[in-house]
Amino acid sequence: MKPENYLLAQAQNNAWANHRLLQACSALPQAELDAPRVGFFPSLLATLNHILIVDWFYVDALEGGSLGLAAFTDEVPCKTMTDLRREQAAVDQRLVAFCAALDEAALGKAVRLIRGDHDQIERCDRVLLHLFEHQIHHRGQAHGMLSGTAVAPPQLDEFFMAEEAALRRGDLAALGWNEDALWRDWPAPK
């Protein structure tokens, strides 16, 4: 398996998990989204916005942009789930497209992260691994916060296993994907 295929699968899983989580959160009234919760951030809405902001920062850097710390100017740029879902889907699509275009040589290329007082230079593959881990970490916090509401948190671990295809079919269709296209470069088990 080529490493770039693994990273594309991670980007697709990331978009799928964000779609599922934000769809569930959309069933909450605004007061529940804004309600104080235990976590790194004071509310479910603030946590979900943090995921978005950090995506803007890293995806822009991966694309060679210069957004830098301006991504963090407003800690809650999306005040509603409608806005948050639109913006998260857009940056998720950018990340999937970036990973779809990767080849082995691109994985070792330098990515410049504008940190304010300095530029941090990292390998592309390490930035991607960090970004995926960041997403998982904070989505887990949001998932935990959601469990304290009347809305059941969605399963977020039904993406990779072939036998679970039926469990994700509707969400994949909503994202414009299907199983064949998603896994075309992955060999069948032996």
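Our subject in this report is the structure included herewith. On a predicted model such as this, the values are computed, not experimentally measured, just so you know. (Residues numbered from 1 in each chain as written. Predicted model: local features only at pLDDT ≥ 70, side-chain atom pairs only at ≥ 80, totals over all residues. Heavy atoms only, no water.)

Taken as a whole, helix H7 (residues 165-174) has its buried residues at Ala165, Arg168, Asp171 and Leu172. For H7, the angular spread of buried residues about the axis comes to 125°, placing them on one side. Away from its buried face by more than 90 degrees, H7 exposes Ala166, Arg169, Gly170, Ala173 and Ala174. The elements touched by buried residues of H7 are helix H1 (3-25) and helix H8 (179-182). Gly176 lies just past H7 and shows a positive phi near 80°. (Buried < 20%, exposed > 50% of the residue type's maximum accessible area, 1.4 Å probe, protein only. Helix = DSSP H or I, 4+ residues; strand = E, 2+ residues; numbered from the N terminus. Arc of directions from axis to C-beta. Contact = heavy atoms within 4.5 Å.)

To continue, consider the nonpolar core. One finds Leu44, Leu48, Leu95, Cys99, Leu102 and Leu128 to be the most contacted residues of the largest nonpolar core, which totals 46 residues. If you list the elements that add at least two residues to this core, you get H1, helix H3 (44-62), helix H4 (81-100), helix H5 (104-107), strand S1 (110-114) and helix H6 (124-146). No other element matches H3, which puts 13 residues into this core. Excluding residues within four positions of it along the chain, Leu48 makes contact with Leu21, Leu22, Cys25, Met81, Leu84 and Ala142. Listed in part, the seven residues of the second largest apolar core include Phe159, Leu172, Leu182 and Trp183. (Core = buried A, V, L, I, M, F, W, Y, C linked by side-chain atoms within 4.5 Å.)

For the rest of this paragraph, the subject is the pattern of salt bridges. In the structure shown here, the tally under the stated rule is ten salt bridges. Note that Lys79 is salt-bridged to Asp74, the shortest N-O span being 3.5 Å. A relative accessible area of 45% means that Lys79 is categorised as partly exposed. Taking the shortest distance from any N to any O, the salt bridge between Glu179 and Arg168 comes out at 2.6 Å. Taken together, the residues span a long stretch of sequence, with Glu179 in helix H8 and Arg168 in helix H7 at a distance of eleven residues. According to the relative accessible area criterion, Glu179 is partly exposed, its value standing at 22%. One network of salt bridges, with partners in common, ties together Arg20, Glu158 and Asp171. (Salt bridge = Lys/Arg side-chain N within 4 Å of Asp/Glu carboxyl O.)

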